[in-house]
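Architecture at a glance
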Amino acid sequence: MSARTGIGYDSHRLVEGRPLILGGVRVESELGLAGHSDADALTHAIIDAVLGAASLGDIGLHFPDSDERYRGADSLALLDEVRALVSDQGFAVANVDSTVVCDAPRLGPYRDRIRETLAAPLGIDAARVGVKFTTNEGMGWIGRGEGIAAMAVATLERP
């Protein structure tokens with residue numbers, strides 16, 4: 001068996017008038033993330049990690065924000081397309097681990113739902129999806145509540 005690992009990162013600005021979606025789950029918040037698609041920073045970081053592990057570029061290469069087909073796109077559908085791409089290369093997602101960085105809102109109550117929601121398009125059990133949350137302790141643009149960032153690591157296996 002051959003294993004490969006990739007990393008991903010994404011961040012989006014918090015704005016009024018948009019829903020806050022993380023890991024495919026709508027989070028109760030007065031502010032949401034700005035972006036061309038649904039701006040799901042967590043799912044975007046995971047997409048980049050999976051693509052990176054397969055050496056297939058990044059989210060912008062496959063789903064450019066200059067393409068109107070992806071305006072308002074559901075990031076879980078994009079993640080499912082990415083899983084199919086890596087599957088075509090002979091890989092299967094073995095594990096994903098991620099961290100969301102934001103000072104508000106509190107995300108802990110959403111953890112299990114996010115793990116379950118992400119597991120389906122990845123084609124793995126939720127037990128193989130790690131989702132962690134941390135704050136920036138009030139420092140910088142995240143600490144001031146201007147945006148949210150997410151990081152992810154994905155491991156692919158080629159049986």
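These notes cover the structure that comes with them. (Residues numbered from 1 in each chain as written. Predicted model: local features only at pLDDT ≥ 70, side-chain atom pairs only at ≥ 80, totals over all residues. Heavy atoms only, no water.)

**Here's the deal with the nonpolar core**
Convention followed: What is meant by a nonpolar core is a set of buried Ala, Val, Leu, Ile, Met, Phe, Trp, Tyr and Cys residues, joined one to another through side-chain atoms within 4.5 Å. Categorising residues by exposure relies on relative accessible area from a 1.4 Å probe, with only protein chains included: less than 20% of the type maximum marks a residue as buried, more than 50% marks it as exposed, and the intermediate range marks it as partly exposed. Under the DSSP-based scheme used, a helix requires at least four consecutive residues in state H or I and a strand at least two consecutive residues in state E, with every element numbered from the N terminus. Contact between two residues is taken to exist if any of their heavy atoms lie within 4.5 Å; hydrogens are not considered.
Grouped together as the largest cluster of nonpolar side chains are 47 residues, with contacts concentrated most on Leu-22, Leu-42, Ile-46, Val-50, Leu-118 and Leu-122. If one sorts the elements of this core by residue count, helix H1 (residues 41-53) sits on top with nine residues. Leu-22 has contacts with Val-27, Leu-33, Asp-40, Ala-41, Leu-42, Val-100, Leu-107, Ile-114 and Ile-148, leaving out every residue within four places of it along the chain.

**Here we look at helix H4 (residues 111-122)**
Heads up, the rule is: Each residue after the first adds 1.5 Å to the expected span of a helix.
With 12 residues, H4 extends 17 Å between its outermost C-alpha atoms, agreeing within 8% with the 16 Å of an ideal straight helix rising 1.5 Å per residue. Where H4 is concerned, the buried positions are Ile-114, Leu-118, Ala-119, Pro-121 and Leu-122. Where the residues of H4 are buried, they touch strand S2 (20-22), strand S3 (25-27), H1, helix H3 (75-88), strand S5 (92-101) and strand S6 (129-134). Immediately beyond the C-terminal end of H4, within one or two residues, lies Gly-123, with a positive phi of roughly 75°.

**Points about the packing of H1 against H4**
Defined as follows: Every axis corresponds to a line fitted to the C-alpha atoms, with the helix fit spanning only the stretch in contact, and the corresponding angles, defined between N-to-C directions, vary from 0 to 180 degrees. Helix crossings fall into two classes, left-handed where the near helix is turned counterclockwise from the far one by less than a right angle and right-handed where it is turned clockwise. Residues are sorted three ways: Asp, Glu, Lys and Arg are charged, Ala, Val, Leu, Ile, Met, Phe, Trp, Tyr, Cys and Pro are nonpolar, and all the rest, Gly among them, are polar.
For the pair H1 and H4, the least separation of the axes is 12 Å and the interaxial angle reads 35°. The hand of the H1/H4 crossing is right-handed. When H1 is examined against H4, the residues Leu-42, Thr-43, Ile-46 and Val-50 are found in contact with a partner set consisting of Ile-114, Leu-118 and Leu-122. Looking at the contact of H1 with H4 residue by residue, the class counts come to six nonpolar, one polar and no charged.

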